[in-house]
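Residue-level listing of the chains:
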Amino acid sequence: MTQNHKCPAITISQGDSRSGFMMRRVEQIPEIRVTAYEMEHERTGARVLHLHCDDRENLYAIAFRTPPPDSTGLPHILEHSVLAGSERYPLKDAFNELLKGTLQTFLNAFTYPDKTIYPVASQVRVDYFNLARVYTDLVLRPRLLPQTFAQEGHHLDLADPKDPGSDLIVSGIVYNEMKGAYSSPDSLMYKALQENLYPDTPYACDSGGSPEAIPSLTYEQFKAFHRAYYSPSNAYWFLYGDIPTADHLIFLEEILAGFERVQVDSGIPSQPRWDVPSAVRGYYPVAKAESMQKKTTVNVGWMLSENTDHDTALLLQITAGALVGSAAGPLRKALIDSGLGEDLSPVTGLERDLKQIAFAVGLRGTEPQKAQQIEKLILDTLRRVAGDGFDRELIEGTLHQVEFQGKEIQRGTFPYGITLMGRVFHTWLYGGDPLAGLNFPRLIEAVRRRWAEHPALFEDVVRKWFLVNPHRLLSVMEPSPGYLDEQEASFRNRMSGIKATLPADAIEKIRRDAEALKSFQAQADGPETLACLPRLNVRDLERTVETIPTERMSIGGVTALTHELFTNGIAYLDMAFDISDIPEDLQPCLPLLGKFMTNMGAAGLDYEQMAKRIALKTGGFGSSLSAGLFADREAQTDHKAITGFSEEKHWQKMIFRVSALYRHIGDAVDILADVLTAGDLSDETRMRDLLAEKKNRLHAAVIPSGHLFAKRSAGASLSVAAFRDEQWSGKTQLELLTNLMHAFGDRKEAFRDKLIRLKDLIFRRERLTLNLTADTEGLAMLVRAAQALLARLPMGGPAGPLSVPELKPRDTGVAIPAQVCYVAKVMKAPTYTDPLAASLWVLSRQLSSGYLYKHIRVQGGAYGGMCQYDPMNGLFAFLSYRDPHLLTTLDVYRRAVDIVTREKISVEDLEKAVVGAIGTLDRPMDPAGRGLTALIRTFAGLTDADRQTFRDGVLNVTADQLQETAVRYFEPAAASVVAVYAAEERLTRANEVLPAKLTIERLS
Ligand SMILES: [Zn+2]
């Protein structure tokens, strides 16, 4: 990103016709340094929006309006299937081939309730157009083979293909993906609100597909849906980045050749407004042994304005932010303080990805009989706010947050272009102005003016859209221990019903079809088919590592790293405290210390006052924990160095981060100083509320990221860094939180004493490293602010000797209420500077997109199967996600190792694996991420020279080296540990055959 604050020059004028496109509108938005072009393809009517800017991570996205006619998952199964292959690219799985051998920085597809989007991004121009060309062809001209439909959607099979008497089962990737989604309380809760607030629209259906309805979808319906909606006339192209508009138009004209304008009826009807509120009750699965107490969630939802009315939408966004966006929000506070539930419902907030906006709020951790009381409390609070008025500071804080988010360059897991695309579709998809939501500073200015003229602006919003709006739904979501059994039983009944009506030859046909599908899946694409994909060569790749500007200085005797980067007027300060010597009994308390410090009172202010200060003066304030191994320069190529590891050295830090607009740097750093030096842990009620929130969030994360929990459980016994990760964010942490929650009354004093001890021990100068990220102007301001902060921080307290826990390797099974499994097998692995590291990096890519993808996803029907090599923590992991299998998957892992140690990789596959591996190394980062990454590399002792050696190793790796590495790494049978998260019955059954039994534990 260069330091260009201005928009690119206008290259095509409004009203001009170019390459078959009519330029409808050109507008510059200096605040985000964008020149926007809105165009229409004259022949087909395709709509195109290009946000031209100086970001070299270009984004290409095609979207279609795809309202679902039912809950068979049509849009979702199609989203998966078009990416399988087209006439021009007749591959079995073109998507996976693109993932493997390109420099894509983002390649995915999303099914929304009313649209399907196919985005690709790359920082390399040739790669970008290669990807765009293939993606467009796949989407517009897919083959949609019956085999693809069967694999991605659903097909019947026999539970035991050798036994015609065995049960009929349904298999399919989307089918299993949705089984996972239907095990997650958060997804079910969101679904209940959406489907019941908009009962007379396509939103009443599940575009993702309900596991019950998916098997009734036919191949003909599937083909017809593509014919109806996937045409340029129903498409929206969103383009973003530094490639000139004219180049895009030449490209688009070429790929649109042969398409004509067609009539597409994809309009989303508005939901008629209700005259009276409504209510609904739903259930979600919990484990049979789990207590039913405080497991209900109560939500109240409203249907609000049309999304295209952007002015109202913005007022609603600010009002919602003021009501529930911070701990000082009156609605959030009233609900938490009431004690009617444990914490705010996870669906709380504004939903803008629908034609008419929705708002929901509620309580989690309550009882069904409290629903009316909760609804009344919500309405009474809104009435009070409308009557007494909002606290002005709350509105100011929310306006500041919106302004900050509009300004900050964010590139987390998604490219920045994706963030902007999301805002554009809120209006564009429904016929509104696509640019309405992009110019935040101007929009906020307009709101401020309106507010000055009309001081009751936000109170009126509360009245109109919440109090006198009868389109309101009370939704109660209760736990059901029988949920999974009932579903299993009804499924089995249905299947045996079907089977009973089928003659023997029909059953034989099912068996033969399933067998034919498996052999179809097993055949690899031929070399000439694979060659049709445009591809990058290793020689085209950048040889040199990208570095992050880093200067080392001393501020008041404390080491400080500074990173001079263009941050669009935002400064980032990290304070990293060494915690590697914290005694074992205190280590598990560190995550709560971070949570409490950043969310409670300080310096004479209570938590509510602090929350307002944080919203007004910072763009974000939080803490995190980080641990890793040191880059080990003494590592030997001898395999004993990999399996030995007894003398492993690690680092651990607690990092506080604050971000602020330049004009607020002093105030933001003051907040941080107040928290660290005068943090107040005396408010017991607040402490209990935060504890409940943390516990519930971690608990709700288990099912959606079961593979990561399984990886943590297994990795914890292999390296200290991984042990800490599990202890701080895995099952162990969840247990601690649950136990503490149950006995809070008895244990709070002792617990608070521990936290005070920790505070005293940690927040001292000698433990500190500072990390500053901004441009020259911002850095100078940050240094001054940091000096003031250090003057307040107590001296003393350098870290003592390392605290090292005892590691006990053991295979575990964790019982969870889910219809699918998450299977992890984790091994110790060398760190970055080991000579084997580069080859292992390439091997993990090759296995993930090759053998594991094919056997766990394509043939196994799981949503995902992969391996991850983590050189920071010294681990190599095999993982599966939303997996119908358990034992089979463990077999696949074993065979994967056999294959890579025995078979040499082909020249073509090696080339692709290297390109893909470089792609993962070159993921772009936002300014904040770059500053933090440089800090972590410093802690790990990883220099740019080490990174260059590693990159050279990846670029130069040969087929022989890969195989040799596989042999040296895998054959000595490096200590491996298995962890499986699955339903208890599955675990017990697995133990009947597993030679090494899983120790079965329950999730608390
Ligand atoms: Zn999917």
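Right above here is the structure, for reference.
Residues numbered from 1 in each chain as written. Predicted model: local features only at pLDDT ≥ 70, side-chain atom pairs only at ≥ 80, totals over all residues. Heavy atoms only, no water.

Trainee: Any chance you could explain the overall build of the protein here in plain terms?
Mentor: The secondary structure content of the protein amounts to 35 helices and 31 strands. For 1004 residues, the compact-globule formula gives about 30 Å, and the C-alpha radius of gyration of the protein, at 28 Å, lands near that figure. Overall, the C-alpha framework of the protein stretches about 80 × 70 × 60 Å when taken along its three principal axes. When contacts within the protein are restricted to residue pairs at least 6 apart in sequence, long-range pairs at least 24 apart make up 82% of them. When the accessible surface of the protein is split by element, carbon and sulfur atoms take 51% of a total near 37,500 Å². Here the protein carries 112 positive and 127 negative side-chain charges, and the mean point of each set is 1 Å from the other. (Helix = DSSP H or I, 4+ residues; strand = E, 2+ residues; numbered from the N terminus. Rg over C-alpha atoms; globule rule 2.2 N^0.38 Å. Contact = heavy atoms within 4.5 Å. Areas by Shrake-Rupley, 256 points an atom, 1.4 Å probe, with all protein chains shown as cover. Lys, Arg positive; Asp, Glu negative; His and termini not counted. Charge placed at Lys NZ, Arg CZ, Asp CG, Glu CD.)

Trainee: Explain the sheet that holds strand β23 (residues 650–661) to me, please; I cannot follow it from the model alone.
Mentor: Strands in a sheet are paired, the pairing made by backbone hydrogen bonds, and the direction either parallel or antiparallel. Taken in spatial order, the 6 strands of this open sheet run β18-β19-β25-β20-β23-β22, and their pairing is mixed. The open sheet has two edge strands, β18 (551–555) and β22 (620–629), and neither has a second partner. Averaged over all pairs of adjacent strands, the angle between strand axes in this sheet comes to 25°, irrespective of strand direction. The pairing of strand β20 (residues 570–578) with strand β25 (residues 768–774) spans 6 bridges and is classified as antiparallel. Residue pairing for β25: F577 is matched across the bridge by L768. Along the sheet face, helix α25 (residues 720–729) touches β22 and β23 and points at about 145° away from the line of β22. (Pairing = 2+ DSSP bridges. Axes fitted to C-alpha atoms, helices over the stretch in contact; angles between N-to-C directions.)

Trainee: What's the story with the nonpolar core in this structure? I'm lost.
Mentor: Nonpolar side chains in soluble globular proteins generally cluster together in the buried interior. Counting residues in hydrophobic clusters, the biggest one holds 115 residues, and the most contacted among them are L51, Y60, Y118, Y135, W237, F238 and L252. Per-element accounting of this core gives the leading share, 9 residues, to helix α3 (residues 125–140). In this structure, Y60 is in contact with Y118, P119, V120, Y128, A132, T136, W237, F238, L239, F251, L252 and I255, ignoring residues within four places of it in sequence. Core analysis: the next-biggest nonpolar cluster, separate from the first, contains 88 residues, L592, L698, L779 and L875 among them. (Core = buried A, V, L, I, M, F, W, Y, C linked by side-chain atoms within 4.5 Å. Buried < 20%, exposed > 50% of the residue type's maximum accessible area, 1.4 Å probe, protein only.)

Trainee: Quick question: what am I supposed to make of the sheet that holds strand β31 (residues 999–1002) here?
Mentor: Across the sheet, 6 strands lie side by side as β28-β29-β27-β30-β26-β31; this open sheet has mixed pairing. A strand with exactly one partner marks an edge of an open sheet, and here the two such strands are β28 (864–870) and β31. Strand after strand, the sheet turns through a mean of 15° between neighbouring axes, direction not considered. Inspection of the sheet shows strand β26 (residues 812–815) paired to β31 by 4 bridges, in the parallel sense.

Trainee: What is the right way to read the environment of V977 from this model?
Mentor: Its location among the elements puts V977 in strand β30 (residues 976–982). What makes V977 buried here is its relative accessible area of 1%. Between the alpha carbons of V977 and S1004 there is a distance of 22 Å; along the sequence they are 27 residues apart. Apart from residues no more than four positions distant in its own chain, V977 is found in contact with A714, S717, L718, P809, R810, D811, A824, K825 and V826.

Trainee: Would you mind showing me how to read the coordination of the zinc ion here?
Mentor: Four donors placed tetrahedrally around a metal ideally meet at 109.5 degrees, and six donors placed octahedrally ideally meet at 90 or 180 degrees. H76 (NE2), H80 (NE2), E177 (OE) and E177 (OE) make up the full set of protein donors to the zinc ion, lying at 2.0 to 2.7 Å. One way to put it: the 4 donor atoms around the zinc ion meet at angles of 54 to 153°, and that makes the site irregular. Mapped onto the sequence, the donors of the zinc ion take the spacing H-x3-H-x96-E. Taken together, the positions of H80 in helix α1 (residues 74–82) and E177 in helix α5 (residues 173–181) put the pair 97 residues apart, joining distant regions of the chain. For the residue pair H80 and E177, the accessibility class agrees, reading buried in each case. (Donors = N, O, S within 2.8 Å, 3.2 Å for Na, K, Ca; no water. Tetrahedral: all angles 85-135°; square planar, octahedral: opposite > 155°, others 65-115°.)

Trainee: So what exactly am I meant to see when it comes to unusual backbone geometry here?
Mentor: Excluding glycine, residues mostly carry a negative phi; peptide bonds, for their part, are mostly trans. Despite not being glycine, R33 shows a phi value in the positive range, around 55°. Of note, R33 is situated in the loop between β2 (21–29) and β3 (34–41). Given a relative accessible area of 8%, R33 falls into the buried group.

Trainee: Sorry, what's going on with the pattern of salt bridges here?
Mentor: Any two side chains of opposite charge can pair, so long as their charged atoms come close to each other. One pass over the structure, following the stated rule, counts 66 salt bridges. Across the salt bridge formed by D380 and R383, the nearest N and O atoms sit 2.9 Å from each other. With D380 and R383 both in helix α11 (residues 371–388) and 3 residues apart, this pair spans about one turn of that helix. Residue classification places D380 among the partly exposed positions, given a relative accessible area of 32%. Connected through salt bridges with shared partners, the residues R25, E27, E38, D433 and R442 form a single ionic network. (Salt bridge = Lys/Arg side-chain N within 4 Å of Asp/Glu carboxyl O.)

Trainee: Which parts of the structure should I look at to understand the environment of G339?
Mentor: One can find G339 in the loop between α10 (330–338) and β14 (343–344). Look at G339 and you get partly exposed, because its relative accessible area is 47%. Between the alpha carbons of G339 and L363 there is a distance of 9.8 Å; along the sequence they are 24 residues apart.

Trainee: What exactly am I supposed to notice about the pairing of strand β29 (residues 875–881) here?
Mentor: Where burial is concerned, most of β29 is hidden: 7 out of the 7 residues are buried. Going residue by residue along β29, you find L875, A877, L879 and Y881 tucked away on one face and F876, F878 and S880 tucked away on the opposite face as well. Note: strand β27 (residues 822–828) against β29, 5 bridges, orientation antiparallel. Residue pairing in the sheet places A824 in a bridge with L879 of β29. Relative to β29, β28 is paired through 7 bridges, and the arrangement is antiparallel. Residue pairing for β29: M866 is matched across the bridge by L879.

Trainee: What exactly am I supposed to notice about helix α32 (residues 927–940) here?
Mentor: Taking 1.5 Å of rise per residue, 14 residues should cover 20 Å, and α32 covers 20 Å from first to last C-alpha, within 8% of that figure. In terms of residue burial, α32 counts as a mostly covered element, since 10 of its 14 residues are buried. For α32, the set of buried residues is P927, A928, R930, G931, A934, L935, I936, R937, F939 and A940. (Expected span 1.5 Å × (residues − 1).)

Read these as spatial facts, not as claims about activity.
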